[in-house]
Amino acid sequence: EAQVTQNPRYLITVTGKKLTVTCSQNMNHEYMSWYRQDPGLGLRQIYYSMNVEVTDKGDVPEGYKVSRKEKRNFPLILESPSPNQTSLYFCASSVGTRGTQYFGPGTRLLVL
Amino acid sequence: QQQVKQSPQSLIVQKGGISIINCAYENTAFDYFPWYQQFPGKGPALLIAIRPDVSEKKEGRFTISFNKSAKQFSLHIMDSQPGDSATYFCAASLSYNTDKLIFGTGTRLQVFP
């Protein structure tokens, strides 16, 4: 089944404790993105990647890092999480610049 | 210039009624306008999309109306059903870079039997 998977689905952590949210797609898509969803703000892009080893900032990149060492994986790294990063995070992938974005199921993060 | 404004924030419709969600954009270079549907606990999924060379696109009960001069587009759901209850997001981007989507703030639709 073609899909985007994210792990973990739920995560509670404390301020300053590094964490990684994994994202994997099995559709051989070139493009992958990370979004955060907050009430009243919609979905905002954090980072995106156009291919292996090619990443760029989205609209809200502060406090986040990404890497794209393999085509199928695009992990999101929070080096020192803070409470304002409490949010619902979505990974998405698409075949190219004109392709439909396919979203993962989401990761709900709570930073205490 | 990069904003997409969406209204209303929430919408309650009776079964069989018409649901209408509106969006407005500022960047005249945008030329790809998708709508995403999100059910609770799920990621958004593409519902329907339009490019500005047409003023309307219809897929089943879902229609996008597009007004280029007013920089507005809207989603109409005809014969709304309880299964349509979800959050709807409009978005906009440049067609050569549909990965750079700018999303609206979302509309929570509830359809009551």
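Structure report, in brief.

**A few points about the environment of Cys23(A)**
Residues and elements named next belong to chain A. Position of Cys 23 relative to the elements: it lies in strand 3 (residues 19-25). Separated by 68 residues in the primary sequence, Cys 23 and Cys 91 have C-alpha atoms spaced 6.3 Å apart. If near-sequence neighbours (up to four positions away) are discounted, Cys 23 is found in contact with Val 4, Thr 5, Met 32, Trp 34, Arg 72, Asn 73, Phe 74, Pro 75 and Cys 91.

**Some thoughts on the nonpolar core**
Side chains of nonpolar character tend, in soluble globular proteins, to be buried together. Counting residues in each nonpolar core, the largest one holds 25 residues, and the members touching the most others are Phe33(B), Trp35(B), Phe73(B), Leu75(B) and Tyr88(B). Mapped by element, the contributors of at least two residues to this core are strand 2 (10-14), strand 3 (19-25), strand 4 (33-38), strand 5 (45-50), strand 7 (62-67), strand 8 (72-77), strand 9 (86-92) and strand 11 (107-112) of chain B. With 4 residues, strand 9 of chain B is the single largest residue contributor to this core. By size, the runner-up hydrophobic cluster in this structure holds 18 residues, among which are Val60(A), Phe74(A), Leu76(A) and Tyr89(A).

**Structural notes on the pattern of salt bridges**
Applying the stated criterion across every chain, the model contains 5 salt bridges over all chains. Measuring nitrogen to oxygen at the nearest pair gives 2.9 Å for the salt bridge that ties Asp38(A) to Arg44(A). The class of Asp38(A) is buried, set by a relative accessible area of 10%. Taking the relative accessible area as the measure of exposure, Arg44(A) reaches 25% and is therefore partly exposed. Here Asp84(B) and Arg61(B) are joined by a salt bridge, their closest N and O atoms 2.8 Å apart. In this pair, Asp84(B) is assigned in the loop between strand 8 and strand 9 and Arg61(B) in the loop between strand 6 (56-59) and strand 7, connecting sequence segments 23 residues apart. In this structure, a network of salt bridges that share partners links the residues Arg36(A), Asp38(A) and Arg44(A).

**So, the side chain of Gln45(A)**
Within the secondary structure, Gln45(A) sits in strand 5 (residues 42-51). Within the structure, the side chain of Gln45(A) is placed 3.2 Å from the side chain of Ser33(A), a separation counted as a polar contact.

**Structural notes on the interface of chain A and chain B**
Opposite the 25 residues of chain A that make contact, chain B presents 20 residues. Across the chain A/chain B interface, buried area totals approximately 1800 Å², and carbon plus sulfur atoms make up 45% of it. Linking chain A with chain B are 0 salt bridges. Across the contact surface, chain A and chain B share 2 residue pairs in polar contact (both at pLDDT 80 or more). Sorting the residues of the side of chain A that touches chain B by element identifies strand 4 (31-38), strand 5 and strand 9 (87-94) of chain A as the ones contributing at least two each.

**A look at the side chain of Thr107(A)**
Residues and elements named next belong to chain A. Tracing the backbone through its elements, the reader meets Thr 107 in strand 11 (residues 107-111). Judged by relative accessible area, Thr 107 falls into the buried class, the value being 1%. A distance of 3.1 Å separates a polar atom in the side chain of Thr 107 from a polar atom in the side chain of Gln 6. Other than its neighbours up to four places away in sequence, Thr 107 contacts Gln 6, Pro 8, Arg 9, Val 21, Ser 87, Leu 88 and Tyr 89.

The rules behind each value
Residues numbered from 1 in each chain as written. Chains lettered and ligands numbered in written order. Predicted model: local features only at pLDDT ≥ 70, side-chain atom pairs only at ≥ 80, totals over all residues. Heavy atoms only, no water. Helix = DSSP H or I, 4+ residues; strand = E, 2+ residues; numbered from the N terminus. Contact = heavy atoms within 4.5 Å. Core = buried A, V, L, I, M, F, W, Y, C linked by side-chain atoms within 4.5 Å. Buried < 20%, exposed > 50% of the residue type's maximum accessible area, 1.4 Å probe, protein only. Salt bridge = Lys/Arg side-chain N within 4 Å of Asp/Glu carboxyl O. Polar contact = N/O pair within 3.5 Å; in protein donor to acceptor, adjacent residues only side chain to side chain. Buried area = accessible area lost by both parts, 1.4 Å probe.

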